[in-house]
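# Close look at the chain arrangement
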Amino acid sequence: MSVVALAALATGCEPGAAPGAQTAPRQTPATRPAVPSPARTEPAPAPSTAEPSTVPPPRPSASTPAPAPTTARPVPEPSAAPPARVLMRTGSESDRVRELQARLRQIGHFGRNPTGYYGSVTADSVRSFQAKRGLTTTGNTDETTWKRLLAMTRTPTAEELRPPTERPLATPDKRCLTGRVLCVSKSSRTLAWMIDGRVVSAMDVRFGSEYTPTREGEFEVFWKSRDHVSTLYDTPMPYALFFSGGQAVHYSADFAANGYGGASHGCVNVRDKKKVAALFDQVKNGDKVVVFR
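A short tour of the structure in this document, coming up. (Residues numbered from 1 in each chain as written. Predicted model: local features only at pLDDT ≥ 70, side-chain atom pairs only at ≥ 80, totals over all residues. Heavy atoms only, no water.)

## Describing the sheet that holds strand β7 (residues 223-229)
What counts is decided by this rule: Two strands pair under a simple rule: DSSP has to find at least two bridges between them. Under the DSSP-based scheme used, a helix requires at least four consecutive residues in state H or I and a strand at least two consecutive residues in state E, with every element numbered from the N terminus. Note on method: axes are straight lines fitted to C-alpha atoms, helices fitted across the in-contact stretch only, with angles between N-to-C directions ranging 0 to 180 degrees.
Spatially, β6-β11-β3-β4-β5-β10-β9-β8-β7 is the arrangement adopted by the nine strands of the open sheet, whose pairing is mixed. Bordering the open sheet on either side are β6 (217-220) and β7, each of which pairs with just one other strand. Taking each pair of neighbouring strands and ignoring which way they run, the sheet shows an average axis angle of 30°. Here strand β5 (residues 198-206) pairs with strand β10 (residues 268-270) via two bridges, running antiparallel.

Next comes the structure, spelled out in structure tokens:
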């Protein structure tokens, strides 16, 4: 509008006047009969430049309630069940571990005699059992695994829990038939505690490797050490019965855990802790030791 106004000022006050036009002199017309003049046509009013008034939208009727906004409710996540309590794991040693091993053996998951020690062999057996039954394969015996095993097996007998040896005893060397003798057979990998030709107890044993072999021959016990620790290898040697230099009959946790997968540094390893503990109490210094093929 300001542009239009400026234009109007520049071209004169009357609308339609051309720039530079001359004003014609006014003439007095002659007297003529009066002729009715045509009706004067008023110019059309200019369109209004005022902004249209804003009419507020109609309010909803009081009788019709406005819909409540919908809010999506979060779906609660299912709570995770707490893990089952672990009853036995690697490193455990007890009569219940012995029962676990005997029950696993009943259904073909443990291929040796129970030892009462939970080592890598037992953990692998438990893992095999868990995988076959669709359980979480941890290798630990938790409450779920134990209950499933109990339901599938029977109570082990005393013979199943504590068999004399894993292998049959070898025919004793003739030097073992008299006196008090620890009769050790490398071929059957057994030790028989014998008194005058009678087997008092028997247990599985393992020997040194080809680089540290267990010496063969006839010896005698010269030193007993209940809680011995090797000064050469810094390893425990409980219930040690020394018979040839640094070689002794003693309990081995590694043998109990890993079986014949390993070897000693020349000693006669026993994996049944209770049996070798009882043997330690019975054997005296001076009793004979015979190691043979």
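## Some words on empty space enclosed by the protein
Here is the rule: Each cavity reported here is a set of points on a 1 Å grid over the protein atoms alone in which a 1.4 Å probe fits but cannot get out, each pocket an open set with protein on both sides within 12 Å along at least five of seven lines, and each lining residue one with an atom within 4 Å of a point. Grid points are joined across faces, edges and corners, and a volume is the space filled by probe spheres set on the points. Note on residue classes: Ala, Val, Leu, Ile, Met, Phe, Trp, Tyr, Cys and Pro are nonpolar, Asp, Glu, Lys and Arg are charged, and everything else, Gly too, is polar.
Across all of its chains, the model carries one cavity of 30 Å³ or more by this definition. For the largest cavity, the calculated volume is near 100 Å³. Lining the largest cavity are 14 residues, with P114, P163, D204, R271 and D272 positioned closest to its centre. Looking at the lining of the largest cavity residue by residue, the classes come out as five nonpolar, three polar and six charged.

## Some details on helix α3 (residues 120-132)
How we decide: Expected span of a helix, by definition, is 1.5 Å for each gap between consecutive residues, and there is one gap fewer than residues. Note on exposure labels: buried denotes an accessible area under 20% of the residue type's maximum, exposed denotes more than 50%, and partly exposed covers the range between, all computed with a 1.4 Å probe on protein chains only. Throughout, the arc means the angular range of directions from the helix axis out to the C-beta atoms. Contacts between residues were defined by any pair of non-hydrogen atoms, one from each residue, lying within 4.5 Å.
Counted at 1.5 Å a residue, the expected span for α3 with its 13 residues is 18 Å, and the 18 Å between its end C-alpha atoms agrees. Taken together, the buried positions of α3 are occupied by T122, A123, S125, V126, F129 and Q130. In an axial view of α3, the angular spread of the buried residues amounts to 160°, which keeps them on one side of the axis. Seen from the open side of α3, the exposed residues pointing more than 90 degrees away from its buried face are A131 and K132. In this structure, the buried residues of α3 make contact with α2 (95-106), β2 (141-142) and α4 (143-152).

## Observations regarding the packing of α3 against α4
Test applied: Small angles under 35 degrees read as roughly parallel and large ones over 145 as roughly antiparallel, with 65 to 115 read as roughly perpendicular and the rest as oblique.
One can describe the packing of α3 onto α4 by two numbers: an axis separation of 11 Å at closest approach and a directional angle of 80°. With respect to α4, the element α3 is oriented roughly perpendicular. In this structure, α3 contributes V126, F129 and Q130 to the contact, and α4 contributes T145, R148, L149 and M152. Its residues assigned to classes, the contact of α3 with α4 comprises four nonpolar, two polar and one charged.

## Considerations on the pairing of strand β9 (residues 247-251)
Keep this limit in mind: Seen with its strands pointing away from the viewer, a crossover is right-handed if its path from the first strand over the helix to the second goes clockwise.
In terms of burial, β9 is a largely internal element, five of the five residues being buried. Because side chains alternate across β9, one face comprises the buried residues Q247, V249 and Y251, and the other comprises A248 and H250, equally buried. With three bridges connecting them, strand β8 (residues 236-244) and β9 associate as antiparallel partners. When the sheet's bridge partners are listed, F242 is paired in β9 with A248. Here β8 folds back onto β9, and the loop between the two strands holds two residues, one of which, G245, carries a positive phi near 60°. In this structure, β9 lies alongside β10, joined through three bridges in parallel fashion. From the neighbouring strand, V249 faces β10, where its bridge partner is V268. Viewed along the sheet, the connection from β9 through helix α6 (residues 253-258) into β10 turns out right-handed.

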